[in-house]
Amino acid sequence: MTVFLTTERLVLRRFTPADVDRLVELDGDPEVMRHLTGGLPSTRDWVERTLLPLYLAHYERYGDLGWWAAEERAGRAFLGWFEFRPTEEGERAEVELGYRLRRAAWGRGYATEGARALLRRGFTELGVERVVAWTMAVNRGSRRVLEKSGLSYVRTFHEDHPEAIPGSEHGEVEYALTAERWRAREAREARGRSGILEA
């Protein structure tokens, strides 16, 4: 098992071929897939032949950018995954942030904790200059996670989907954060902590 990073409560590691069942179960929950496919599950064949090979191929191409299986540090229960990968093939300056967690992990701060850890790693070690994320406009939960992680709303846009899902008529939203803005925020927070300690 290759661990990419750890946080207070999470371990993010590389996927392996042994994760097929975990991914099938994750994508089999209609609530998890509601804002992605309208609740339709991913088939086992698609996970085995397309999805997991895509994840594994990214490790070969980029090493430290891709999709990461998320587990609880205590007990190592599978929670889902985080995505932190280039938006353009061969480029590392801009990456997409995403995540998909089991329903049992919702509302516990895992998404924000993992996203913040990836942002820090990207901006301090991986040479990332801009992070972007997209979600459905009506997906308030994901929008809150992005905002709590430091990303800011950029725009609302509409795409032509082969099959409309509930809420898609309101469009998609883009959020983003630059390394410059992240460093400025980190400096402000450090000054704030210093001021509290001196008082």
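Notes on the structure follow.

Calculation criteria
Residues numbered from 1 in each chain as written. Predicted model: local features only at pLDDT ≥ 70, side-chain atom pairs only at ≥ 80, totals over all residues. Heavy atoms only, no water. Pairing = 2+ DSSP bridges. Helix = DSSP H or I, 4+ residues; strand = E, 2+ residues; numbered from the N terminus. Axes fitted to C-alpha atoms, helices over the stretch in contact; angles between N-to-C directions. Contact = heavy atoms within 4.5 Å. Phe/Tyr/Trp six-rings, centres within 6.5 Å; stacked < 30°, edge-to-face > 60°. Buried < 20%, exposed > 50% of the residue type's maximum accessible area, 1.4 Å probe, protein only. Lys NZ or Arg CZ within 6 Å of the ring centre and 35° of its normal.

Structural notes on the sheet that holds strand β3 (residues 66–72)
The strand order across the open sheet formed by 8 strands is β1-β2-β3-β4-β5-β6-β8-β7, and the pairing between neighbours is mixed. Among the strands making up the open sheet, the edge pair consists of β1 (3–6) and β7 (152–157). The average undirected angle you get between the axes of adjacent strands in this sheet is 25°. Across 6 bridges, the pairing between β3 and strand β4 (residues 78–86) is antiparallel. Looking at the pairing, alanine 69 lines up with tryptophan 81 of β4. Along the sheet face, helix α1 (residues 20–27) touches β2 (10–14), β4 and β5 (94–101) and points at about 95° away from the line of β4. Running at roughly 165° to strand β6 (residues 130–136), helix α5 (residues 140–148) makes contact with β5, β6, β7 and β8 (172–178) of the sheet.

Quick word on the packing of aromatic side chains
Aromatic ring pairs are reported here in terms of the distance separating the ring centres and the angle at which the planes meet. According to the stated counting rule, one finds 8 aromatic pairs in the structure shown. Centre to centre, the rings of tyrosine 59 and tryptophan 68 are 5.2 Å apart; their planes meet at 35°, and the pair counts as tilted. By relative accessible area, tyrosine 59 is classed as buried at 5%. An aromatic cluster of at least three residues, connected via ring pairs, comprises Phe15, Tyr55, Trp67 and Trp81. Here arginine 121 stacks its cationic end above the ring of phenylalanine 4, 4.4 Å away from the centre of that ring. The residue whose ring lies beneath arginine 155 is phenylalanine 157, and the NZ or CZ to ring-centre distance is 4.3 Å.

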